[in-house]
Each structure stands twice: as C-alpha cells, then as structure tokens.
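Analysis of the macromolecular model
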Amino acid sequence: MTNVKIAAEADRDAVVELVGRLLTELGGTPPPADVMSLVFGRFADGTEAGFVALGESEGRAIAVCTVSFLQAMRTRGRYAIIQEMFVEPEWRSTGIGMEVLRFTLDHAVANGCHTVELGTPYHGERQVQFYRRAGFAEVGARLRWRADS
C-alpha cells in the first residue's frame, strides 16, 4: 500500500537521498547533502517557498516531488514550478508517480496556484508522455543561465 503526504522535518534525509539519486541519474553531480538539506528546510518550515510531496510504501520513501511557489503577471499571480520529481526505478510504471503528481497538483491549487510548470531532461520522451497523461501541455523550451561559480 502506498501513501502520499507533505514531507516533514523527519523526512529530510529521505528527500535529500531521493533528489540526489535523481540528479545522479540525469548525469549530474548532486550538491553536497548538507546544502540540499538546507534548501529542504526552506520547504519544510512552513514558509511560502513551496513544498515537498513524498510517496511512501510500508514506511519507505519511494517517490518525491519538490515544488517552488513564484509570482508572475502572465499567470495572474502565484504559480508553482515542479523542480524535481523522482520515483525509485523499481516503482516506476506502478502508478505511484501519478499519485504523487496528482497530490502535488491538488496541493498547489489549494495554495492558490492555478498554473503549474516544469521542465524535462533532454531525451525525456518518457517523462513528457507521463506529464501529458496528467494534462500538461508543451509550451516551449526551458533555458538556463548561470553566473560563474
């Protein structure tokens, strides 16, 4: 049996681990765990930063979705961005990912967000199909700029 909830302080290590696994799977290097832990704290402390949805089975974290709240005129105010979403490989295609996503969308709407956006990785055809099944539509490319570190 699976359960989806808003991640709490007690879930910090599990969330950091799952997001780290996502970043590694995408070919990147996760930030240090203590840095990711600090960012998680901004979501878990009840501020307006956003939230983290956590999927569990038998008390074990198996899926995560991190969401940031933002403001824009084009969205008539508050909207949400799904920043990271990961499902343990052995749990993919079981329905838990869609369960976590539906929970996430419901929670975003309940918090005043009527627009939710996200990006997918290059060659993310499987991810695009997943999000289309949930009602997302493609609206263009996502670009990134970074200042030198």
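Quick summary incoming for the structure in this document. In this text the structure is predicted, and so the values were computed from the model without any measurement.

Reading the values: the criteria
- Residues numbered from 1 in each chain as written.
- Predicted model: local features only at pLDDT ≥ 70, side-chain atom pairs only at ≥ 80, totals over all residues.
- Heavy atoms only, no water.
- Helix = DSSP H or I, 4+ residues; strand = E, 2+ residues; numbered from the N terminus.
- Buried < 20%, exposed > 50% of the residue type's maximum accessible area, 1.4 Å probe, protein only.
- Contact = heavy atoms within 4.5 Å.
- Expected span 1.5 Å × (residues − 1).
- Arc of directions from axis to C-beta.

**Brief notes about the environment of Leu70**
Mapped onto the secondary structure, Leu70 falls in strand β3 (residues 60-72). Classification of Leu70 as partly exposed rests on a relative accessible area of 32%. Along the primary structure Leu70 and Cys113 are separated by 43 residues, whereas in three dimensions their C-alpha atoms are 9.1 Å apart. Not counting residues up to four positions away in its chain, the partners in contact with Leu70 are Gly77, Arg78, Tyr79 and Ile81.

**Topic: helix α2 (residues 33-44)**
Along its 12 residues, α2 runs 16 Å from first to last C-alpha, staying within 8% of the 16 Å computed at 1.5 Å per residue. The set of residues buried in α2 consists of Met36, Ser37, Phe40, Gly41 and Phe43. The arc that holds the buried residues of α2, viewed along the axis, is 155°, so those residues lie on one side. Facing away from the buried side of α2, by more than 90 degrees, are the exposed residues Asp34, Leu38 and Arg42. In this fold, the buried residues of α2 make contact with α1 (12-25), β2 (50-57) and β3. After α2 finishes, the residue Gly46 shows a positive phi value of roughly 85°.

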